[in-house]
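Chain by chain, the residues:
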Amino acid sequence: MPGRTELDQIDWQILDLLQADGRRSLSDIGQRIGLSTSAVKRRVDRLESSGVITGYTAIVDHRQVGRTLEAFTELRFSGNASVEEIRAALADLPEAMATFVTAGDPDAVVWLRVDGPEGLRRTIETLRRGGKVIGTKTLMVMESWWHHSSRPELR
């Protein structure tokens, strides 16, 4: 695979710590894995410049802003919708947390966070009104968690 970056165990430890807390200091990382701050900085710089680390982000508790319901909605598009058409159909949908284009049926799956059942209904109606989405199937999430400790718990 061209451009693939080989990571050693220490790189993976650094990534785990940064995924758990992206604001963690280089000094703290070094203390936890037994490296100097400058050695950690060199590794983090390399991980950033090689594109392994693509950015840092805040983790939002969506319940605090009223998005109390999580759902996954399968989307079926008319004709042979391109990836760009799928992207365009979801571009202005703030409830969409992530979209996964799939092979076969359905064409895509969108992960939604909405303000309850009424918000879910409005969001699905918005998708259908666009004219490209011809069918949906929605699964409401009852509980969720990440399977790897380095990933933040879904809220």
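Criteria and cut-off values
Residues numbered from 1 in each chain as written. Predicted model: local features only at pLDDT ≥ 70, side-chain atom pairs only at ≥ 80, totals over all residues. Heavy atoms only, no water. Helix = DSSP H or I, 4+ residues; strand = E, 2+ residues; numbered from the N terminus. Buried < 20%, exposed > 50% of the residue type's maximum accessible area, 1.4 Å probe, protein only. Contact = heavy atoms within 4.5 Å. Areas by Shrake-Rupley, 256 points an atom, 1.4 Å probe, with all protein chains shown as cover. Lys, Arg positive; Asp, Glu negative; His and termini not counted. Charge placed at Lys NZ, Arg CZ, Asp CG, Glu CD. Phe/Tyr/Trp six-rings, centres within 6.5 Å; stacked < 30°, edge-to-face > 60°. Arc of directions from axis to C-beta. Pairing = 2+ DSSP bridges. Axes fitted to C-alpha atoms, helices over the stretch in contact; angles between N-to-C directions. Core = buried A, V, L, I, M, F, W, Y, C linked by side-chain atoms within 4.5 Å.

## Focus on the overall build of the chain
- Within the chain, the regular secondary structure consists of five helices and four strands.
- Secondary structure of the chain in N-to-C order comes out as α-α-α-β-α-β-β-α-β.
- Scored against the burial criterion, the 155 residues of the chain give a buried share of 30%.
- If you take every contact in the chain between residues at least 6 apart in sequence, the share linking residues at least 24 apart comes to 62%.
- For the chain, the computed accessible surface area is about 10300 Å², with 51% contributed by carbon and sulfur atoms.
- Computed over 21 positive and 22 negative side-chain charges, the inter-centroid distance for the chain is 2 Å.

## Let's talk about the packing of aromatic side chains
- Counted according to the given criterion, the structure contains one aromatic pair.
- Summarising the aromatic geometry, the rings of F72 and W111 are spaced 6.3 Å apart at their centres and angled 15° between planes, so their arrangement reads as stacked. With F72 in strand β1 (residues 69-77) and W111 in strand β3 (residues 108-114), this residue pair connects regions lying 39 residues apart in the sequence.
- A relative accessible area of 31% places F72 in the partly exposed class.
- Residue class for W111 comes out buried when judged on its relative accessible area of 16%.

## Side note on helix α2 (residues 26-33)
- Those residues of α2 not exposed but buried are I29, G30 and I33. Here the buried residues of α2 occupy an arc of 100° about the axis, which is enough to place them on one side. Away from the buried face of α2 by more than 90 degrees, exposed residues Q31 and R32 are located.
- If you follow the buried residues of α2, they end up packed against α1 (9-20) and α3 (37-49).
- Once α2 finishes, G34 follows within two positions and takes phi at roughly 80°, a positive value.

## Observations regarding the sheet that holds β3
- Within the open sheet, the four strands sit side by side as β2-β3-β1-β4. Their pairing is antiparallel. Here the strands that pair on one side only, and so sit at the sheet edges, are β2 (96-101) and β4 (133-140). Sheet twist, expressed as the mean angle between neighbouring strand axes with direction ignored, is 20°.
- Inspection of the sheet shows β2 paired to β3 by five bridges, in the antiparallel sense. Note that in β3 the partner of V101 across the bridge is A108.
- Contacts between helix α4 (residues 83-90) and the sheet are confined to β1, β2 and β3, with β2 contributing the most and set at about 165° to the helix.
- Sitting on the sheet, helix α5 (residues 117-129) touches β1, β3 and β4, and the angle it makes with β4 is about 160°.

## Comments concerning the nonpolar core
- Membership of the largest hydrophobic core comes to 16 residues, with the highest contact counts inside it found for L75, F77, L90, L93, V110, L112 and L120.
- Where this core is concerned, the elements lending two or more residues are β1, α4, β3 and α5.
- Look past the residues within four positions of L112 in its chain and what remains in contact with it is L69, E70, A71, T73, L93, E95, A96, M97, L120 and T123.
- One finds I14, I29, I33 and L47 within the second-largest nonpolar core, a separate group that totals ten residues.

## Topic: unusual backbone geometry
- Here the residue pair D105 and P106 is connected by a cis peptide bond, since its omega of 10° sits within 30 degrees of zero.
- Here P106 is to be found in the loop between β2 and β3.

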